[in-house]
Amino acid sequence: MIEVNHLVKRYGNHLAVNDISFTVEKGQIYGFLGPNGAGKSTTMNIITGYIASTEGEVIINGHDILNEPEKAKKSIGYLPEQPPLYFDMTVMEYLKFSAELKKIPKVNMPQMIDEVMELVGIKDIQNRLIKNLSKGYKQRVGLAQAILGYPEIIILDEPTVGLDPKQIIEIRDLIKGLSEKHTVILSSHILSEVSAVCDYVLIISNGKLVASDTPDNLSKLASGSNILDIKVKSTAKKMEKLLQQLPEIEEFTFLDLENNENTVDISIKTVDSVDIREKIFYLCAQNKCPILSMNSKLLSLEDVFLELTQSNEAEDGGYKVDSTEGEREGALGSIENVDEDSISQTDEEETEVNEKTGSDMEAKIKSDMKAEIKSDMKAEIKSDSEMKIAETEDQEQEVSE
């Protein structure tokens, strides 16, 4: 349904998405998992046609998202991290508006809106203003908008962010229900959410796709998943001879040999995650070495995620600095590389500029002072003239009296 081939997205010197390729099959729930800033939302936006890729292509049902955007987008329903809601509309007004934008025939519109509201559980609030709804209900309204038109693919970017535990469970149940008729792609950095909902997991780190498989297979592929811990009533020497008979065992280690219970604890590492529990059971039983405990090391999705993202971070030399920090370091590097002659020349030029600036400022101050003195003198002369005129008028008035 979706083919992503060698996708690259650059923002200046920052590589947000680095040569990602994967395919999405019908009727599955796919989870994009990665730390904040890994490139999940950027990949989502490219797939939905919100932004263009620097390199690579996205094919949706045989249509290139850049060359045939309208045909490709007909197959997609998209809920961004911030739902595109109009708060002054009622729920019904908003869904009608969304249906018109999607060019849903008016004959089918009332029935489709009614079905979608029933599906996401917002029928009781259809006449309420969106701005008065809780965050959980706003998320449901955004989800209803994505489902309208019944697109084959529904893409959800961080669908449970900011919700309380009860709302998260409700949204998860909705997503599981959608997979019956739709292919769902959701991005998240919440491990439990992806583990609980998704059939297939794609882990992104530093813009790269570092793993792509089912949650169970990812656990098996990670290092440490092929370790078996057993406790046997026997001696270390006898168990060493027995375990050497099994070619599936890569290595084994005895733990806590100083105990006084005539038992040995052994950590066994197998080749390529082979399950040898049954063989060990029969081997120990035939040689009268009772097994007191046997535990396979099960890695959670969190363990796998941390291992893969940390190894990718180490390969890249740590997370890339942002563009501002990079520019700052580049500027500092440039300053350090300037030679002494250049610095000396710069100092001389600065001195000349300062001298010129100083002389210019001195001339300006003198000019301002002259203008101020002239202004004061004019005011003083004007004042004296006015006083003399007033005295003359007084004398003339006395004479006439």
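Here the structure is shown first, and the text comes after it.
Quick caveat: nothing in here was measured; it's all calculated off a predicted structure.

Parameters at a glance
- Residues numbered from 1 in each chain as written.
- Predicted model: local features only at pLDDT ≥ 70, side-chain atom pairs only at ≥ 80, totals over all residues.
- Heavy atoms only, no water.
- Helix = DSSP H or I, 4+ residues; strand = E, 2+ residues; numbered from the N terminus.
- Contact = heavy atoms within 4.5 Å.
- Areas by Shrake-Rupley, 256 points an atom, 1.4 Å probe, with all protein chains shown as cover.
- Pairing = 2+ DSSP bridges.
- Salt bridge = Lys/Arg side-chain N within 4 Å of Asp/Glu carboxyl O.
- Buried < 20%, exposed > 50% of the residue type's maximum accessible area, 1.4 Å probe, protein only.
- Axes fitted to C-alpha atoms, helices over the stretch in contact; angles between N-to-C directions.
- Core = buried A, V, L, I, M, F, W, Y, C linked by side-chain atoms within 4.5 Å.
- Phe/Tyr/Trp six-rings, centres within 6.5 Å; stacked < 30°, edge-to-face > 60°.

For the chain, the helix and strand inventory stands at 13 helices and 14 strands. Looking at the chain alone, contacts between residues at least 24 apart form 68% of all its contacts between residues at least 6 apart. Accessible surface, the chain: about 24,100 Å² in total, of which carbon and sulfur atoms supply 50%.

Here four strands make up an open sheet; going across it, the order is 2-1-4-5 and the pairing antiparallel. In the strand order of this sheet, the two ends are held by strand 2 (14-24) and strand 5 (63-64), each with one partner. Sheet topology note: the strand 4 (residues 55-60)/strand 5 ladder contains two bridges and is antiparallel. Bridge pairing in strand 5 links Ile-60 to His-63.

So, on to the pattern of salt bridges. This structure, assessed with the given rule, holds eight salt bridges. Its salt-bridge partner being Glu-55, residue Arg-10 comes within 3.2 Å of it at the nearest N-O pair. In this pair, Arg-10 is assigned in strand 1 (residues 2-11) and Glu-55 in strand 4, connecting sequence segments 45 residues apart. By relative accessible area, Arg-10 is classed as partly exposed at 40%.

The strands making up a sheet are joined through hydrogen bonds of the backbone, oriented either antiparallel or parallel. Read across the open sheet, the six strands follow the order 6-7-8-3-9-10; overall the sheet is mixed. Only two strands of the sheet have a single neighbouring strand rather than two, namely strand 6 (76-79) and strand 10 (208-213). Between one strand axis and the next, the sheet turns through 15° on average, direction left out of account. Pairing of strand 3 (residues 29-33) with strand 8 (residues 183-188), which is carried by five bridges, proceeds in the parallel orientation. Looking across to strand 8, one finds that Ile-29 is bridged to Val-184. Docked against the sheet, helix 5 (residues 135-147) engages strand 6 and strand 7 (153-157), running at close to 165° with respect to strand 6. Lying on the sheet, helix 6 (residues 165-178) is in contact with strand 3, strand 7 and strand 8; it crosses strand 8 at an angle near 145°.

Turning our eyes to something else, we now look at the nonpolar core. In terms of nonpolar packing, the biggest core is built from 44 residues, with Leu-95 and Ile-122 touching the most fellow members. With six residues, the top contributor of residues to this core is helix 4 (residues 109-120). By size, the runner-up hydrophobic cluster in this structure holds 24 residues, among which are Ile-47, Val-58, Ile-185 and Ile-204.

Further remarks concern the pairing of strand 10. Relative to strand 10, strand 9 (residues 200-205) is paired through five bridges, and the arrangement is antiparallel. Its bridge partner being in strand 10, Ile-204 is matched across the sheet by Leu-209.

Our next topic: the packing of aromatic side chains. In this description, a pair of aromatic rings is defined by centroid distance and the angle of the planes. By the definition in use, this model includes seven aromatic pairs. With a centroid separation of 5.3 Å and an interplanar angle of 50°, the aromatic rings of Tyr-30 and Tyr-200 are classed as tilted. Of this pair, Tyr-30 sits in strand 3 while Tyr-200 sits in strand 9; the two residues are 170 residues apart in sequence, bridging distant segments of the chain. Here Tyr-86 and Tyr-94 contribute two aromatic rings whose centre-to-centre distance is 6.4 Å and whose plane-to-plane angle is 50°, an arrangement assigned as tilted. The exposure class of Tyr-94 is buried, given its relative accessible area of 2%. Ring pairing ties together the aromatic residues Tyr-86, Tyr-94 and Phe-97, which thus form one cluster.

Right, let's talk about unusual backbone geometry for a bit. Positioned with a positive phi, Tyr-150 is a non-glycine residue whose angle comes to about 50°. For Tyr-150, the location among the structural elements is in the loop between helix 5 and strand 7. Look at Glu-158: it is not a glycine, yet its phi comes out positive at around 50°. Look at Glu-158 and you get buried, because its relative accessible area is 6%.

Fair warning: the whole summary comes from geometry, so function is off the table for now.
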